[in-house]
Amino acid sequence: MKRKASSVISERKWHGALAAVARRAVISGLLLSVAACGGPAKEPGGGGDDASADDFVFPESSWVPSVSGMLSSNHDDSSMSVSEATLDSVTAHVVPLNGVGSDSAETDGVPSIATVSFTVSESLGTSGSISLIARAVNAEEVAEVSATARVLPILVSLTDPAGKEFVQLSSQCTTQGLYSCTSGGNCSLNSACAPQAGSAFMGATASERRSQWEQHQELTSGVDVGAVTFPTCRWSGTGNLTSASGLGCPFSPSDSNSFLTSGGVLRTGTYTARYLLLSNLIDTGATTGNGALEYRADLELTTYIKKDSDAASSGYRGAVDLNVVLVGDTNVADGAASAGARNLNALFQIVHDQLSQANSEIRLGSIRAYDWDSSVEASDGTSGNSWAEVDLELTPDLFALGSQGVDSATEGSGINIFLVSTIPYSSGGTILGRAGGIPGSPKNGTLASGLVFASFDRLASFNPGCSGLATCPTTSQEADFIDMGATITHEIGHYLGLNHPSESDGSVHDAVLDTPQCTNTGTGGVLTVSSCRTGETSTHPSNSPARTCSTACPSYNLASSTFCPTVDECQFNHVMWWTSKNVRAGGAGDGNLISSHSGDIINFSPFIR
Amino acid sequence: MTVLSRMVMLAPLFPALALAVTDAELQERALEKIRERHPSATCAWWNAQGSRMPRVIEQMLESPERMVDRFRLIEGLGCFTDEESVKKVRETAEKADSSVLRMTAVRATARGGAPGTAEWLRGFLAHEDPRTRVAAADALQLTGDARAPGWIDEQAKTEKEAWVARKLKKAASVLPKTPGGMPVVVLPPRSERLRSDSDGQQEAQARLEKRWSGGWSGVRLLRPEKGSSLSPRAVAVRIDIEFKDHRARARFEAAGDIKTRKSLPAAELSEVQVVGGGFTAIFRDRDRVKELAPELRVPGRWEALRLSGELRGSGELPPALLFEVAGIGDKSEPQFWLLLRE
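Since we're looking at a predicted model, the values are computed, not measured.

**Quick look at the overall build of chain A**
Along the backbone of chain A there are twelve helices and 16 strands. By the burial criterion, 64% of the 609 residues in chain A qualify as buried. Once local pairs closer than 6 in sequence are excluded, the contacts in chain A between residues at least 24 apart make up 75%.

See below:
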């Protein structure tokens, strides 16, 4: 691992953040059906082959992380491995937002769906997974249209060696497009285009399945990478796999129609993925069903094949590593101060403790801490101070740039966390934190390669009750600090693949069997602790007798600090609750639960090793 | 009918009672909003709570339970333009001992855009704290004041901190931002689209030097949280036109980092019309106006802009002209294509 002194670092410039995608290895369109089969696999943690030896590395932080229970031996080395392979890129025509794409070649011999294949050569075990990280590269033609123009790789099909289709988009997607647009450019989501019941993208309704499919590919966030991990669930029973309402898991090991073998594992053999290179350009040449645009781009697909023979619920199943970057002079100085270091340790102790709860069964393996202050400049001339106040809309750029500064050996295994001072948002106000994607990208250098959190310049001044102490117990912590820890866990949850149990308006839910749903919004039109206590319509399915939140937690009283943090019928007690929790200094407050099936989903992530 | 709505109906008869209930309810609403992890409280939301909300916010600011509460309450108060609210936010910025709070208040002043905000913000461009200088530049741009780019640019020239100068220059080159989402760009009909097949510069010039008209594009927002529609986005157009000796010097600039920044060094414009969102402006060469940006800023939501007029250029002309449009939800600004037809 490269380490450089700050004084040395400051004299050097970063290589281009996106130099990694500069390679152009276009496969002829004529070869698309057999393109990119396999590819050179790399050892876990081997890093990307696109990072040169002289790539910039942030200097090591003065803060030396110390979290009780965080050990490199927490990694499940004995039974788990993750292999990474970046396949040869495939050229396809870019499709407008209201287009559909086609396997047939256009006039220039290039189709508008990019097809790639890869091989799983050995059994992945019952906890094994496949993650597909797709990027659209070499899209200069589209970039010339508008600085706002983007190309987003969208997975429209994945078939396993037995021919089972994981995505199962409805036929309307290929006849009408993802969006319907008028010649005047008025567009609306084509609700008829959605994964069908039985898809890996689950949901009780078509709109929920559509939401799952879109969210997991960052379609609506406009970043340049699509990250999807299969399996997307792991539970048995309760619902027919093809039922629209049963939330049956298509990866249920006990169902004959499962995507898994009878042994409960993903099949070995050749998988074929098909991607639309969808742009945010709207073609007004026709009302719906447009063909491809004349522009082309390349699909670059990286696979992370995770082999893990551990059975679920068999104790701790692995660990996650973090790269924590202190951004800006103030945060760097705070990290060097004893109080700052103490608080940082306490902060990630919260994260560790929440992640290692029984249902998720993962721990922190290690934290590599870096400093990015004013003496460290990127290739574009920006220093850490330039990013200390990062507008929400620019956080993807922070991820793309900053992820190039962490140790390249951690690519794919370390989650990049940037601690900035504030995250202003011009129209919505100060943001506490944000995850680059659901799930996030194991590849560095993408717009989804990290998470960012606001410290409010308080790393060294949080928790005055712990002044002079070597450690800071929960009972002496401020509410803001405790909430910051929970926010980090929450965003890591997103990064590992979890959605909010219910979105803020209560209309879309996470399609996880054992998380409660709430549909009752409060006066502000969003779900609140109060509204979900009084009007929750769905209960935790595994608890018997079934209880609503209000019956399970009848004495909840914010004024008197009476909470019920372990009651899992209450959605606000789950760590993925869509908004902040009620929490008091000293630790009393709402819970940060991770449901059992949510824990299973997390454990399929390639970051958990 | 809920208890709350009954009380609201009783308000005219029992103002004191209703007021107390309303304040408590407003406080609860505010608290729910400011505690959101990803706040959704836009100025439209704050203003919709009514004229009592600023006073409720001020009460809450007296003893905020949480640090973040203070920041977000200030941001909410910044949405109101009554004298007391404006004074409170400005005082917070002027007296804050925390740079984070100061920056929050500075940015908050631009949200409501009370009269005199731009002038007040200008003073912070020279603040001793470099981060505050950047925040002031961002806030100035949010005001949409046409003088802002000039002020920021002026400060950038004398700025000693390199990273601040860089941010100031960037801020000076972009137009105000409005609520986010994924911006989409509407391509014009294929029959009218300027293609890049004019690969010879001479051909491109010949094409541009002819009369042109038409060309529009709508920029809309894809709102992921709703996932159901593309809504028009508020945008503003800036076209810097300077008339000299009955000849126009026009700069059609692309925003941000786009590589195709172009200018027309000696283009001649006449009878230029800009139409959009119920807005029409006609400029003749006799109108010696150095800076037309305020007049050209389209204030409301609109979906399309149409330009017509005559352009006779000389010198090296680009194959396409991009108009700068204020953007949201994206690192770079959306642009318009100016389509050129023979």
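Read on, since the account is not over.
**Observations regarding helix H10 (residues 148-158) of chain B**
Residues and elements named next belong to chain B. Turning to H10, its buried residues are Ala148, Pro149, Trp151, Ile152, Gln155 and Ala156. Along H10, the residues classed as buried sweep out an arc of 165 degrees about the axis, all on the same side. Exposed side of H10, more than 90 degrees from the buried face: Lys157 and Thr158 are the residues found there. Buried-residue contacts for H10 involve helix H8 (117-124), helix H9 (130-143) and helix H11 (162-172).

**A look at the sheet that holds strand S5 (residues 151-159) of chain A**
Residue and element names in this part refer to chain A. Ordered by their spatial adjacency, three strands build an open sheet running S3-S9-S5, and the pairing between neighbours is antiparallel. The open sheet has two edge strands with one neighbour each: strand S3 (114-120) and S5. For this sheet, the mean inter-axis angle between neighbouring strands, taken without regard to orientation, is 30 degrees. With seven bridges joining them, S3 and strand S9 (residues 269-279) adopt antiparallel strand pairing. Bridged to Thr115 within S9 is Arg274.

**Some details on H11(B)**
Since one α-helical turn is 3.6 residues long, residues separated by three or four positions face the same way. Turning to H11(B), its buried residues number three or more, namely Trp163(B), Val164(B), Lys167(B), Leu168(B) and Ala171(B). Each buried residue of H11(B) lies within a common arc of 135 degrees when the element is viewed along its axis, so the set occupies one face. Considering only its buried residues, H11(B) is in contact with helix H7 (384-388) of chain A together with H9 and H10 of chain B.

**Comments concerning the nonpolar core**
Taken as a class, soluble globular proteins show a tendency for nonpolar side chains to be buried jointly. Counting 219 residues, the largest nonpolar core has Tyr275(A), Leu277(A) and Val325(A) as the members making the most contacts within it. In this structure, Tyr275(A) is in contact with Ile113(A), Ala114(A), Ala134(A), Pro153(A), Ile154(A), Leu155(A), Val156(A) and Leu299(A), ignoring residues within four places of it in sequence.

**Focus on the confidence of the model for chain B**
Close reading of the predicted structure is inappropriate where its pLDDT is low. All names here are of chain B. The share of residues in chain B with pLDDT of 70 or more is 44%, and the mean pLDDT across the chain is 61. The model gives residues 191-342 a pLDDT under 50, and that stretch makes 296 contacts with residues more than four places away or in other chains. Reported confidences for the modelled complex are a pTM of 0.79 and an ipTM of 0.82.

**With respect to the environment of Cys564(A)**
Residue and element names in this part refer to chain A. Within the secondary structure layout, Cys564 lies in the loop between helix H11 (549-552) and helix H12 (596-603). Of the residues examined, Cys564 has 19 C-beta atoms within 10 Å and is grouped as partly exposed. Taking the C-alpha atoms as reference points, Cys564 and Ala336, separated by 228 residues in sequence, lie 38 Å from one another. If we ignore the near neighbours within four places in the chain, the residues touching Cys564 are Cys553, Tyr556 and Cys570.

**Thoughts on the sheet that holds strand S13 (residues 362-372) of chain A**
Residue and element names in this part refer to chain A. With mixed pairing, five strands are arranged side by side in an open sheet as S13-S12-S14-S16-S15. Only two strands of the sheet have a single partner each, and these edge strands are S13 and strand S15 (433-435). Neighbour-to-neighbour, the strand axes of the sheet open up by a mean angle of 20 degrees, direction not taken into account. As defined by bridge partners, strand S14 (residues 414-420) adjoins strand S16 (residues 451-454) across four bridges and the pair is classed as parallel. Within S16, the position partnered with Ile417 by the bridge is Leu451. Set on the sheet, helix H8 (residues 395-402) makes contact with strand S12 (318-327), S13, S14, S15 and S16; between it and S14 the angle comes to about 125 degrees.

**Concerning the packing of helix H5 (residues 67-77) of chain B against helix H7 (residues 99-112) of chain B**
The packing of two helices is summarised by the inter-axis angle and the distance between the axes. Residue and element names in this part refer to chain B. Between H5 and H7, the shortest axis-to-axis distance is 7 Å and the interhelical angle comes to 20 degrees. Our classification of the angle between H5 and H7 gives roughly parallel. Note that H5 runs across H7; the crossing there is right-handed. On H7, the residues that touch Arg70, Phe71, Ile74, Glu75 and Leu77 of H5 are Leu101, Thr104, Ala105, Ala108 and Arg111. Its residues assigned to classes, the contact of H5 with H7 comprises six nonpolar, one polar and three charged.

**Notes on the pairing of S14(A)**
Residue and element names in this part refer to chain A. Among the seven residues in S14, seven count as buried, and that is most of the element. Neither face of S14 is left uncovered, since the one carrying Gly414, Asn416, Phe418 and Val420 and the one carrying Ile415, Ile417 and Leu419 both have all their residues buried. Both S12 and S14 contribute to a ladder of six bridges, which runs parallel. Across the sheet, residue Asp321 finds its bridge partner in S14, namely Gly414.

**Focus: the domain arrangement of chain A**
All names here are of chain A. When cut into domains, chain A gives domain 1 (84-233 + 260-306), domain 2 (318-472 + 480-496) and domain 3 (508-609). Each of domain 1 and domain 2 has a C-alpha centre, and these two points are 30 Å apart. Each partner contributes residues to the interface: domain 1 has 14 residues there, and domain 2 has twelve residues. Listing elements by their share of the side of domain 1 that touches domain 2, those giving two or more residues are strand S4 (129-137), strand S8 (225-230) and strand S11 (296-308).

**Considering unusual backbone geometry**
Most peptide bonds are trans, and most residues other than glycine sit at a negative phi. All names here are of chain A. Cis peptide bonds are those with omega within 30 degrees of zero, and the linkage from Phe230 to Pro231 qualifies with 0 degrees. Relative to the elements of secondary structure, Pro231 occurs in the loop between S8 and S9. Going from Ile438 to Pro439, the amide bond is cis rather than trans, its omega being -5 degrees. Along the chain, Pro439 turns up in the loop between S15 and S16. The backbone phi angle of Glu361 is positive, close to 60 degrees, even though this residue is not glycine. Considering the arrangement of structural elements, one finds Glu361 in the loop between helix H6 (338-355) and S13. Even without glycine at this site, Ser561 takes up a positive phi of about 55 degrees. When you line up the elements, Ser561 lands in the loop between H11 and H12.

**So, the environment of Cys553(A)**
Residues and elements named next belong to chain A. Along the chain, Cys553 turns up in the loop between H11 and H12. Of the residues examined, Cys553 has 20 C-beta atoms within 10 Å and is grouped as buried. For Cys553 and Phe563, which are ten residues apart along the polypeptide, the C-alpha to C-alpha distance reads 8.0 Å. Cys553 has contacts with Arg533, Cys564, Val567 and Cys570, leaving out every residue within four places of it along the chain.

**Considerations on the packing of H9(B) against H10(B)**
Residues and elements named next belong to chain B. At a minimum axis separation of 9 Å, H9 and H10 run at an interaxial angle of 165 degrees. Considering their axes alone, H9 and H10 lie roughly antiparallel with respect to each other. Seen from above, H9 lies across H10 with left-handed handedness. For the pair formed by H9 and H10, the contact residues are Ala137, Leu140, Gln141 and Thr143 on the first element and Ala148, Trp151 and Ile152 on the second. Of the residues that constitute the contact of H9 with H10, the class distribution is five nonpolar, two polar and no charged.

**Focus on the environment of Ser102(A)**
Residue and element names in this part refer to chain A. Turning to its location among the elements, Ser102 is positioned in the loop between strand S2 (90-93) and S3. On the basis of neighbour counts, which here come to 17 C-beta atoms within 10 Å, the residue Ser102 falls in the partly exposed class. Along the sequence, Ser102 and Leu169 sit 67 residues apart, while their C-alpha atoms lie 14 Å from each other. Ignoring sequence-local partners within four residues, the contact set of Ser102 consists of Pro111, Ser112, Ile113 and Gly291.

Conventions and cut-offs
Numbers given for residues are sequential positions, taken from 1 along each chain in its written order. Following the order in which they are written, the chains are lettered starting with A and the ligands numbered starting with 1. Two thresholds apply to this predicted model, a pLDDT of at least 70 for residue-level local features and 80 or more for giving and counting side-chain atom pairs, whereas whole-chain, interface and lining totals are computed over all residues. Only runs of H or I of at least four residues qualify as helices and only runs of E of at least two qualify as strands under DSSP, and these elements are numbered from the N terminus. Buried, partly exposed and exposed are defined by the number of other C-beta atoms within 10 Å of a residue's own C-beta, namely 20 or more, between the two limits, and 12 or fewer respectively, with C-beta atoms placed from the backbone. A residue pair is marked as a contact if its C-beta atoms, positioned from the backbone, fall within 7 Å. Arc definition: it is the arc formed by the directions from the helix axis to the C-beta atoms. Only when DSSP finds a minimum of two bridges between them are two strands counted as paired. Where helices are involved, their axes are fitted lines through C-alpha atoms of the stretch in contact, as for all axes, and angles between N-to-C directions lie from 0 to 180°. For the purposes of this analysis, a nonpolar core is taken to be any set of buried Ala, Val, Leu, Ile, Met, Phe, Trp, Tyr and Cys residues that are connected through C-beta atoms within 7 Å. For every residue, the pLDDT score states the predictor's confidence, bounded by 0 at the bottom and 100 at the top. To sort the angles, those under 35 degrees are grouped as roughly parallel, those over 145 as roughly antiparallel, those from 65 to 115 as roughly perpendicular, and the leftovers as oblique. With the far helix as reference, a near helix turned anticlockwise by less than a right angle produces a left-handed crossing, and one turned clockwise produces a right-handed crossing. Under this grouping Gly is polar, as are all residues other than the nonpolar Ala, Val, Leu, Ile, Met, Phe, Trp, Tyr, Cys and Pro and the charged Asp, Glu, Lys and Arg. Each domain's limits were defined by an automated method or a database of domain assignments.

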